[in-house]
Amino acid sequence: MKTNYLWAAGLAGLPFLIILCLVATGNSALLALDQAVNTALYGGHYPLLVPIIRAFTYLGDNYLQLIFIALLGIWLVYKREKQLAIWLLLTNFLTISGINQLVKFLIERPRPDLFDHLILVGGYSFPSGHSMGSVVFYGSLALTLVYLWPRHFKHPALLYSLVSLLSLALAWSRIFLGVHYFSDTLAGLSLGLACLILAKAAMDRWVDERPQVQ
C-alpha cells in the first residue's frame, strides 16, 4: 500500500480519534459545543421541513445501502467483475456493519436527549452510522462508476464533490432530526473518509485495471 494513502487516511481519521478521546473522557467543552450546534440546527424549529428531511435521511439508511450493495455485487459477478464485486462488498460490509458497529458498542454513547427525536431510531449514538456509511457507500459507488465507465466520467472530481455534498447533507439531517450530536456526525464523516481512502488503496492494488463491463 502506497505511503501517501496511509498518510491521507491518517489525516482524514485524525478528527475521529480526537473526538473519540473527548467523548470517552466526557469532555465538557465538547458537550457544550454539541449542545450549541444541536440547538441551532434542531428541526423542531422548522416543522414544515421535518417530513422532507425525514424522507431525505433514508438515503443514508445503512440497511438499504447494504441491500443495494449486495444486489450490485451480484450484478458485477454476472458481468465478470468478480474482483470489483468482492472489493465493493468488503468495503461496505466491513465498514458499515463491522467498524461502525464495533465502535458504537465499545463507546456506548447514548442518543441526544436535548430534544424530542423527530424520527424513530435505536442503538448508540457515536459515531453516526448515516454519516460514516454515506461517505463509504456513495464514495465506493462513485469509484465503481469511474472504474467501469471512465469515458463517461472524464472529470471525476465533480462526481466526488457531489458525494461530499450529499454526505454532508445527510450528516446534517441527523442533527436536524435530533438523533445525533454534532460530534457524532463529524466523527462519522472522518472515520468514513479514512476507510474510503484505504479502500481506494486496496482497489488500486487488487482490482484489474481494465473493466470487463462494456
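Residues numbered from 1 in each chain as written. Predicted model: local features only at pLDDT ≥ 70, side-chain atom pairs only at ≥ 80, totals over all residues. Heavy atoms only, no water.

Of the regular secondary structure elements, the protein chain holds eight helices and zero strands. Mapped from its N terminus to its C terminus, the protein chain presents α and β elements in the order α-α-α-α-α-α-α-α. Compactness check: the protein chain gives a C-alpha radius of gyration of 18 Å against a globular reference of 17 Å for 214 residues, within 12% of the reference. Along the three orthogonal principal directions, the C-alpha set of the protein chain runs to about 50 × 40 × 30 Å. Relative to its full complement of 214 residues, the protein chain shows a buried share of 46%. Across the protein chain, the fraction of contacts at a sequence separation of at least 24, relative to all contacts at a separation of at least 6, is 81%. Roughly 11,700 Å² of accessible area belongs to the protein chain as shown, and the carbon and sulfur atoms make up 70% of that amount. Each charge class in the protein chain was averaged separately, 14 positive and 10 negative side chains, and the resulting centres sit 12 Å apart. (Helix = DSSP H or I, 4+ residues; strand = E, 2+ residues; numbered from the N terminus. Rg over C-alpha atoms; globule rule 2.2 N^0.38 Å. Buried < 20%, exposed > 50% of the residue type's maximum accessible area, 1.4 Å probe, protein only. Contact = heavy atoms within 4.5 Å. Areas by Shrake-Rupley, 256 points an atom, 1.4 Å probe, with all protein chains shown as cover. Lys, Arg positive; Asp, Glu negative; His and termini not counted. Charge placed at Lys NZ, Arg CZ, Asp CG, Glu CD.)

Bringing the packing of aromatic side chains into the picture now. Counted by the stated rule, this structure contains seven aromatic pairs. With 5.9 Å between their ring centres and 80 degrees between their planes, Phe68 and Phe137 make a pair best called edge-to-face. With Phe68 in helix H4 (residues 62-78) and Phe137 in helix H6 (residues 129-148), this pair connects stretches of sequence that are 69 residues apart. Given the relative accessible area of 5%, Phe137 is considered buried. (Phe/Tyr/Trp six-rings, centres within 6.5 Å; stacked < 30°, edge-to-face > 60°.)

This next bit is on the packing of H4 against H6. Orientation of H4 relative to H6, taken along the N-to-C sense of each, is 20 degrees, at an axis distance of 10 Å. What the angle tells us is that H4 and H6 run roughly parallel. Both H4 and H6 take part in a crossing whose hand is left-handed. Residue-level inspection shows Asn62, Gln65, Phe68, Ile69, Leu72, Trp75 and Leu76 of H4 in contact with H6, the latter providing Gly129, His130, Gly133, Ser134, Phe137, Tyr138, Leu141 and Leu148. (Axes fitted to C-alpha atoms, helices over the stretch in contact; angles between N-to-C directions. Parallel < 35°, antiparallel > 145°, perpendicular 65-115°, else oblique. Left-handed = near helix turned anticlockwise from the far one by under 90°.)

Formed by 26 residues in total, the largest nonpolar core has its most connected members in Leu76, Leu84, Trp87, Leu88, Tyr147, Met203 and Val207. Of the residues forming this core, the biggest block, nine residues, is contributed by H6. The contacts of Trp87, once residues within four sequence positions are left out, are Ser140, Leu143, Thr144, Ala199, Ala202, Met203 and Val207. Membership of the second largest hydrophobic core comes to eleven residues, among which are Val23, Val103, Met132 and Val136. (Core = buried A, V, L, I, M, F, W, Y, C linked by side-chain atoms within 4.5 Å.)

Time to look at the environment of Leu72. Secondary-structure assignment places Leu72 in helix H4. In this structure Leu72 comes out as buried when scored by relative accessible area, which is 18%. Taking the C-alpha atoms as reference points, Leu72 and Leu89, separated by 17 residues in sequence, lie 8.9 Å from one another.

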